[in-house]
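Coordinates in review
Listed below, chain by chain, are the residues.
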Amino acid sequence: MSHALEIFYFSIISAALLLSVMALWFTFVMPGIDRWSKHFFLCFFIVLILLCFSGFIELILAH
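Residues numbered from 1 in each chain as written. Predicted model: local features only at pLDDT ≥ 70, side-chain atom pairs only at ≥ 80, totals over all residues. Heavy atoms only, no water.

Structural notes on helix 1 (residues 3–29)
Think of an α-helix as turning once every 3.6 residues; residues three or four places apart then point the same way. Applicable threshold: Helical segments are the DSSP runs of H or I of at least four residues, strand segments are the runs of E of at least two, and each set is numbered from the N terminus. Between the first and last residue of a helix there are one fewer steps than residues, each counted as 1.5 Å, and that sum is the expected span. Relative accessibility thresholds used throughout: buried, under 20% of the residue-type maximum; exposed, over 50%; partly exposed, between the two (1.4 Å probe, protein chains only). Residues are treated as being in contact if the distance between any of their heavy atoms lies within 4.5 Å.
In this model, helix 1 (27 residues) spans 39 Å end to end at C-alpha, consistent with the 39 Å of a helix rising 1.5 Å per residue. Those residues of helix 1 not exposed but buried are E6, I13, L17, S20, A23, L24 and T27. The elements touched by buried residues of helix 1 are helix 2 (35–62).

Structural notes on the nonpolar core
Here is the rule we go by: To form a nonpolar core, buried Ala, Val, Leu, Ile, Met, Phe, Trp, Tyr and Cys residues must be joined to one another through side-chain atoms within 4.5 Å.
Within the largest apolar cluster, 10 residues are counted, these being I13, L17, A23, L24, L42, F45, I49, C52, F56 and L59. Of all the secondary structure elements, the ones that give two or more residues to this core are helix 1 and helix 2. The element best represented in this core is helix 2, accounting for 6 residues. Beyond its immediate stretch of four places on either side in the chain, F45 contacts S20, A23, L24 and T27.

Some words on the packing of helix 1 against helix 2
Rule in force here: To obtain an axis, a line is fitted to C-alpha atoms, over the contacting stretch when the element is a helix, and the angle between two such axes runs from 0 to 180 degrees between their N-to-C directions. For classification purposes, angles smaller than 35 degrees are called roughly parallel, those larger than 145 roughly antiparallel, those between 65 and 115 roughly perpendicular, and all remaining angles oblique. A clockwise turn of the near helix away from the far one marks a right-handed crossing, whereas an anticlockwise turn of less than a right angle marks a left-handed crossing. Ten residues, namely Ala, Val, Leu, Ile, Met, Phe, Trp, Tyr, Cys and Pro, are considered nonpolar, four, namely Asp, Glu, Lys and Arg, are considered charged, and the remaining ones, Gly among them, are considered polar.
Viewed as axis vectors pointing N to C, helix 1 and helix 2 meet at an angle of 155°, and their least axial separation amounts to 9 Å. The angle between the axes of helix 1 and helix 2 places the two elements in the roughly antiparallel class. Regarding helix 1 and helix 2, the two cross each other, and that crossing is left-handed. When its residues are assigned to classes, the contact of helix 1 with helix 2 shows 20 nonpolar, 4 polar and 1 charged.

Some points on helix 2
Selection criterion: Two N or O atoms form a polar contact when they lie within 3.5 Å of each other; inside protein one atom must be a possible hydrogen donor and the other a possible acceptor, and for residues adjacent in sequence the pair counts only when both atoms belong to side chains.
With 28 residues, helix 2 extends 40 Å from end C-alpha to end C-alpha; this agrees with the ideal 40 Å at 1.5 Å per step. Taken together, the buried positions of helix 2 are occupied by S37, L42, F45, I49, C52, G55, F56 and L59. Of the surrounding secondary structure, the elements contacted by the buried residues of helix 2 are helix 1. Of the residues flanking the start of helix 2, the one acting as N-cap is D34, its side-chain oxygen 3.3 Å from the backbone nitrogen of W36.

Points about the environment of R35
Residue placement: R35 occurs in helix 2. Residue classification places R35 among the exposed residues on the basis of a relative accessible area of 76%. Put simply, R35 and H63 are 28 residues apart on the chain and 43 Å apart in space, counted from C-alpha to C-alpha.

Bear in mind that shape data such as this cannot, by itself, settle questions of function.
Put into structure tokens, the structure is as follows:
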């Protein structure tokens, strides 16, 4: 894999991780959300964070 492509993938995964963590924090602190929606968004963003970590691991091991 080319060096520029690796940097691009790391940048995209880093941005997705940052957005997922910020959205997870926002889900925790938002007071007016009902219980079902809160549970859904917590699970959704945790899965996205795990997906980002698996992407990082794949890029590190493939190198």
